[in-house]
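Spelled out, the chains give:
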Amino acid sequence: MTIKVGDKIPSATLMQMKGGTPQPVKTDDLFSGKKVVLFALPGAFTPTCSAKHLPGFIQHSSEIREKGIDAIACLSVNDAFVMGAWGDQQGAGENVMMLADGNGDFTRALGLEMDATKFGMGKRSQRFSMVVDNGIVKQLNVEEPGSFSVSSAEHVLGQL
């Protein structure tokens, strides 16, 4: 079942590179008492993700935070090393948390998994964005396959 507006974010443990070491990030801690923009994409270093999706959130991070958002997080079904390297290559710095859902457990719990095995990519996340307030989904934007519009930083800014 796919998560929807009004639902609570499921409990899971994601990973983030900190000081060259993968560190656990519990979703309960990430979302508790905070307003968070979470966006997810099919894969690090992939064309649309690298040219538009992540760069848009990096570019607009200050504007998003000015609207009362405490954290901006990028999620992908990749490992923490890949997400860390991609964040470094893209200049995410402290602007966007680069979160790895290595086994896809969180993505599956959200009901937003897609099957990219015919492209040799295994199970991945659909492209989406959401605004979460104290663990509750307030906005949810899921892209149609192959599209990039409603999950963009610009679209999310218009929802804040």
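Our subject is the structure listed above.
First, a word on what this report is: a plain description of the structure on this page. Within each chain, residue numbers correspond to sequence positions counted from 1 in written order. Local features in this predicted model are restricted to residues of pLDDT 70 or higher, and side-chain atom pairs are both shown and tallied only at a pLDDT of 80 or more, whereas totals for entire chains, interfaces and linings draw on every residue. To get the side-chain values, all heavy atoms of the structure are used, and hydrogens and water are removed first.

Another aspect to go through is the pairing of strand 4 (residues 71-76). To sort residues, take the accessible area from a 1.4 Å probe on protein chains only and compare it with the maximum for the residue type: under 20% means buried, over 50% means exposed, and anything in between is partly exposed. For helices the rule is a DSSP run of H or I covering at least 4 residues; for strands it is a run of E covering at least 2, with both sets numbered from the N terminus onward. With six of its six residues buried, strand 4 lies for the most part within the structure. Strands pair, by our definition, only if DSSP identifies at least two bridges between them. Bridge analysis of strand 3 (residues 35-40) against strand 4 gives five bridges, and the strand direction is parallel. Across the sheet, the residue bridging to Leu38 is Ala73, located in strand 4. Strand direction decides the pairing type here: strand 4 and strand 5 (residues 97-100), joined by four bridges, are parallel. Each residue of the ladder has a partner; that of Ala73, found in strand 5, is Met97. By convention a crossover is right-handed if, when the strands point away from the viewer, the path from the first strand over the helix to the second runs clockwise. The parallel pair strand 4 and strand 5 is bridged by helix 4 (residues 80-90), and the resulting crossover is right-handed.

To continue, consider the environment of Pro55. As for its placement among the helices and strands, Pro55 is situated in helix 2 (residues 47-59). For the pair formed by Pro55 and Ala109, sequence separation is 54 residues and the distance between their alpha carbons is 27 Å.

This part is about the side chain of Glu143. Along the polypeptide, Glu143 turns up in the loop between strand 9 (136-142) and helix 6 (153-159). Here Glu143 is buried and forms no salt bridge, its nearest opposite-charge partner Arg127 lying at an N-O distance of 5.8 Å. Among the polar contacts listed, one links the side chain of Glu143 to the backbone nitrogen of Ser149, at a separation of 2.6 Å. Polar contact is the term for a pair of N or O atoms within 3.5 Å; when the atoms are in protein, one must be able to donate a hydrogen and the other to accept it, and sequence-neighboring residues count only if both atoms are side-chain atoms. A polar contact of 2.8 Å, which involves the side chain of Glu143, links it to the backbone nitrogen of Val150. In this description, contact between two residues means that some pair of their heavy atoms is separated by no more than 4.5 Å. With near-sequence residues (within four places) excluded, Glu143 lies in contact with Gln126, Arg127, Phe148, Ser149, Val150, Ser151 and Ser152. Note on charges: Lys and Arg go in the positive column, Asp and Glu in the negative column, and His and the chain ends are not counted at all. For this document, the term salt bridge refers to a Lys or Arg side-chain nitrogen within 4 Å of an Asp or Glu carboxyl oxygen.

A pair of aromatic rings is counted whenever rings of Phe, Tyr or Trp (Trp by its six-membered ring) have centres within 6.5 Å, and the orientation is called stacked for planes under 30 degrees apart, edge-to-face for over 60 and tilted otherwise. Across all of its chains, the model carries two aromatic pairs by this definition. Ring geometry for Phe39 against Phe57: centres 3.9 Å apart, planes inclined by 10°, an arrangement best described as stacked. On the criterion of sequence distance, the pair formed by Phe39 in strand 3 and Phe57 in helix 2 is long-range, its members being 18 residues apart. Here Phe39 and Phe57 have matching classes, each one buried. The interplanar angle of 50° and the centroid separation of 6.2 Å between the aromatic rings of Phe45 and Trp86 together place this pair among those described as tilted. A residue pair is termed long-range when its members are at least 10 positions apart, and Phe45 in the loop between strand 3 and helix 2 and Trp86 in helix 4 qualify at 41 residues. Given a relative accessible area of 0%, Trp86 falls into the buried group.

So yeah, pure geometry; function would need other evidence.
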